Amino acid sequence: MTTMTRQTTGLREFKMPDVGEGLTEAEILGWYVQPGDTVTDGQVVCEVETAKAAVELPIPFDGVVRELRFPEGTTVDVGQVIIVVDTGGGEGDEGTGTGEAGTERATPAEAPAAPEEKAAARQPVLVGYGVAESSTKRRPRKPAQGAQPTEAVRVNGNARPEQPPATPEPAPAPASPEPAPATASAATAPASRPLAKPPVRKLAKDLGVDLAAVVPSGPDGIITREDVHAAATSAPEPGQQPAAQGEPAVQQAAAETPEAPAAPSGAQPARETRIPIKGVRKATAQAMVGSAFTAPHVTEFVTVDVTRTMKLVEKLKADPDMAGLRVNPLLLVARALLLAIRRNPEINAAWDEENQEIVVKHYVNLGIAAATPRGLVVPNIKDADSLSLAGLSTALSDLVGTAREGRTSPAAMRGGTVTITNVGVFGVDTGTPILNPGESAILAVGAIKPQPWVHKGKVKARQVTTLALSFDHRLVDGELGSKVLADIAAVLEQPKRLLTWG
């Protein structure tokens, strides 16, 4: 899908890219630029959230931002124009123009061709056209005191009134780095929006911090989480405003106002909260409904003594060959499942309804269900069956860490064959997991707890867990499903079988 169009006016449109996997829309989480800012080829201009991942979008040409078509929080269909950039002049508000974004500029033929050639020469990636070396610098603001923009700038589809060109004046002396007192004319000039990523904006909102008052310490003037926390700890009491620099002390005292009256104690809290269904939550809901009512699920359970496995975990943690690697019960559960699939390869299959075929996969892309702030995601480890124990540990750590940061790419969630969901981390015994669409089986691992267990003819406290295996009964019958679950349990009960069966 084309993500940009060339216009004779020197304006170019950047469209919401098609990231594949059947995704048709994305929500704009945050803009990193505003109208009037200069952008360069490959510069990230916004962050969007699809149904599968949060992605930063780079723009594939140079120019000056003229219009942002949608505000933050808007869900936009793939193919819709989200930003308009003037590539003709590159001078922003100080260039010649008519005041209407859609009106032809004075010299469209003189627009440089280099940006178009650069965009054509680069290869498409996940979104946009790849990332070139660039900085996320803001366009310097240079209006004299009381000056107004010379062009109309469209923001979210609305044009600001055109102002007559200001008479050129001699260059002023170098200004002091300290901000000058606000004037009546400066108050009417459009303010530059603080640069901060969506998680930082949410943190500021939760802490009641005004980002416009925060001093940025990040690269290119970006506000960081540390900046927000610092501003929160040094913020004045509610109802008080800090005096502007340069104001007399009497004005500062006058600016201090008493706290606003508290809400009446009899006010009732809201009885309901409505949360829009979108992003990962929407995709998960559609996938689970589709799976539950398409594939006939069967779930089998087994309770197993995993004491020896837990002892092996502790030994591996102390092993120099595993130094620096994350070793936990999930690692050995994954290894046990991979061994069970090797012994029963028919479980690693998919149902092809269109061609009326069962597709047996000779590779294992092992999915790991991960709960994230954005909802449930199931990225998978490609060719997990070919990894060593150390390699599997590294892949698990990378996968879970990326998922929790909300940076899982759509490619990482594509092509899974079988999945593990570790519900035991929430303290529950087990569950009846629903299949990830396109997969034949999913293993739920319950909490590992000390329980009374008959061991060598005596009742002893042993480390015990319950496993649950759900499978698609169209292609996995009860015998095959039972064999797989029994093999997993046998390995976890006697982990030496990783060697004798492997």
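Residues numbered from 1 in each chain as written. Predicted model: local features only at pLDDT ≥ 70, side-chain atom pairs only at ≥ 80, totals over all residues. Heavy atoms only, no water.

**Let's talk about the pattern of salt bridges**
Opposite charge on two side chains permits pairing when their charged atoms draw close. A full pass over the atoms with the stated rule returns nine salt bridges. In this structure, Glu479 engages Lys483 in a salt bridge whose closest nitrogen and oxygen atoms are separated by 3.4 Å. Taken as a pair, Glu479 and Lys483 lie in helix 10 (residues 478-493) at a separation of four residues, close to a single helical turn. Judged by relative accessible area, Lys483 falls into the partly exposed class, the value being 42%. Connected via shared salt-bridge partners are Glu13, Glu67 and Arg69. (Salt bridge = Lys/Arg side-chain N within 4 Å of Asp/Glu carboxyl O. Helix = DSSP H or I, 4+ residues; strand = E, 2+ residues; numbered from the N terminus. Buried < 20%, exposed > 50% of the residue type's maximum accessible area, 1.4 Å probe, protein only.)

**Digging into the nonpolar core**
The biggest cluster of nonpolar side chains holds 46 residues, and the ones touching the most others in it are Leu366, Leu392, Ile420, Leu443, Leu467 and Ile488. Elements represented by at least two residues in this core include exactly helix 7 (307-318), helix 8 (329-343), strand 17 (366-368), helix 9 (389-404), strand 21 (418-421), strand 22 (441-445), strand 24 (458-472) and helix 10. For this core, the element with the most residues is helix 8, which contributes 11 residues. Once residues within four sequence positions are removed from consideration, Ile488 is found in contact with Ala336, Leu337, Ala340, Leu443 and Leu467. By size, the runner-up hydrophobic cluster in this structure holds 22 residues, among which are Phe14, Val33, Val39 and Val48. (Core = buried A, V, L, I, M, F, W, Y, C linked by side-chain atoms within 4.5 Å. Contact = heavy atoms within 4.5 Å.)

**Let's talk about the pairing of strand 23 (residues 449-455)**
With seven bridges connecting them, strand 23 and strand 24 associate as antiparallel partners. Each bridged residue has a counterpart across the sheet, and for Pro450 the counterpart in strand 24 is Gln463. Taken together, strand 23 and the strand that follows it, strand 24, pair antiparallel across an intervening segment of two residues, in which Lys456 is found at a positive phi of about 55°. (Pairing = 2+ DSSP bridges.)

**Notes on a positive patch on the surface**
A contiguous patch of positive charge on the surface is contributed by Lys311, Lys315, Lys456, Lys458 and Lys460. When contributions to the positive patch are tallied by element, the ones reaching two or more residues are helix 7 and strand 24. You can see Lys311 is positioned in helix 7. Given the relative accessible area of 52%, Lys311 is considered exposed. (Patch = residues over 30% accessible without salt bridge, like charges linked within 9 Å, V, L, I, M, F, W, Y side chains within 5 Å. Areas by Shrake-Rupley, 256 points an atom, 1.4 Å probe, with all protein chains shown as cover. Lys, Arg positive; Asp, Glu negative; His and termini not counted. Charge placed at Lys NZ, Arg CZ, Asp CG, Glu CD.)

**Considering the pairing of strand 22**
Extensive coverage of strand 22 is indicated by the burial of five of its five residues. Residues Ala441, Leu443 and Val445 of strand 22 are buried on one face, and the alternating residues Ile442 and Ala444, pointing to the opposite face, are buried as well. With four bridges joining them, strand 21 and strand 22 adopt parallel strand pairing. The residue bridging Thr421 from the neighbouring strand is Ala444, located in strand 22. Bridge count between strand 22 and strand 24: five bridges; the pairing is antiparallel. The residue of strand 24 that forms the bridge with Val445 is Leu467.

**A few points about a nonpolar patch on the surface**
Side chains of Val425, Phe426 and Val428 sit close together on the surface and give an oily, nonpolar patch of about 300 Å² of accessible area. Positionally, Val428 belongs in the loop between strand 21 and strand 22.

**Here's the deal with the packing of helix 8 against helix 10**
Viewed as axis vectors pointing N to C, helix 8 and helix 10 meet at an angle of 135°, and their least axial separation amounts to 9 Å. Judged on the interaxial angle alone, helix 10 and helix 8 are oblique. Where helix 8 crosses over helix 10, the handedness of that crossing is right-handed. Between helix 8 and helix 10, the residues in contact are Leu332, Val333, Ala336, Leu337, Leu339, Ala340 and Arg343 and Val484, Asp487, Ile488, Val491 and Leu492, respectively. For the contact of helix 8 with helix 10, the class distribution of residues is 10 nonpolar, no polar and two charged. (Axes fitted to C-alpha atoms, helices over the stretch in contact; angles between N-to-C directions. Parallel < 35°, antiparallel > 145°, perpendicular 65-115°, else oblique. Left-handed = near helix turned anticlockwise from the far one by under 90°. Nonpolar A, V, L, I, M, F, W, Y, C, P; charged D, E, K, R; others polar.)

**Thoughts on unusual backbone geometry**
A positive phi angle, near 50°, is found at Asp383, a position not held by glycine. Turning to its location among the elements, Asp383 is positioned in the loop between strand 20 (380-381) and helix 9.

**Observations regarding the confidence of the model for the protein chain**
Per-residue pLDDT for the protein chain has a mean of 76; in total, 68% of the residues score no lower than 70. Here residues 237-258 scores under 50 on pLDDT; set against residues more than four positions off or in separate chains, the count is 10 contacts. (pLDDT = per-residue confidence, 0-100.)

**Observations regarding the sheet that holds strand 8 (residues 75-77)**
In a beta sheet, neighbouring strands are held together by backbone hydrogen bonds and run either parallel or antiparallel to one another. An order of 6-5-3-8 is seen for the four strands of this open sheet, with the pairing classed as antiparallel. Each edge of the open sheet is held by one strand with a lone partner, namely strand 6 (54-58) and strand 8. On average, each strand axis in the sheet is inclined to that of its neighbour by 40°, with strand direction left out of account. Both strand 3 (residues 25-31) and strand 8 contribute to a ladder of three bridges, which runs antiparallel. Bridge pairing in strand 8 links Ala26 to Val76.

**Some points on helix 10**
Here helix 10 is 16 residues long and its end C-alpha atoms lie 22 Å apart, about the 22 Å a rise of 1.5 Å per residue gives. Listed in full, the buried residues belonging to helix 10 are Leu480, Gly481, Val484, Leu485, Asp487, Ile488, Ala489, Ala490, Val491 and Leu492. Tucked inside the fold, the buried residues of helix 10 contact strand 14 (297-305), helix 7, helix 8, strand 22, strand 24 and helix 11 (497-500). (Expected span 1.5 Å × (residues − 1).)

**A short note on the packing of aromatic side chains**
As enumerated under the stated definition, the model contains zero aromatic pairs in all. Sitting above the plane of the Trp501 ring, Arg343 keeps its charged end 3.8 Å from the centroid. (Phe/Tyr/Trp six-rings, centres within 6.5 Å; stacked < 30°, edge-to-face > 60°. Lys NZ or Arg CZ within 6 Å of the ring centre and 35° of its normal.)

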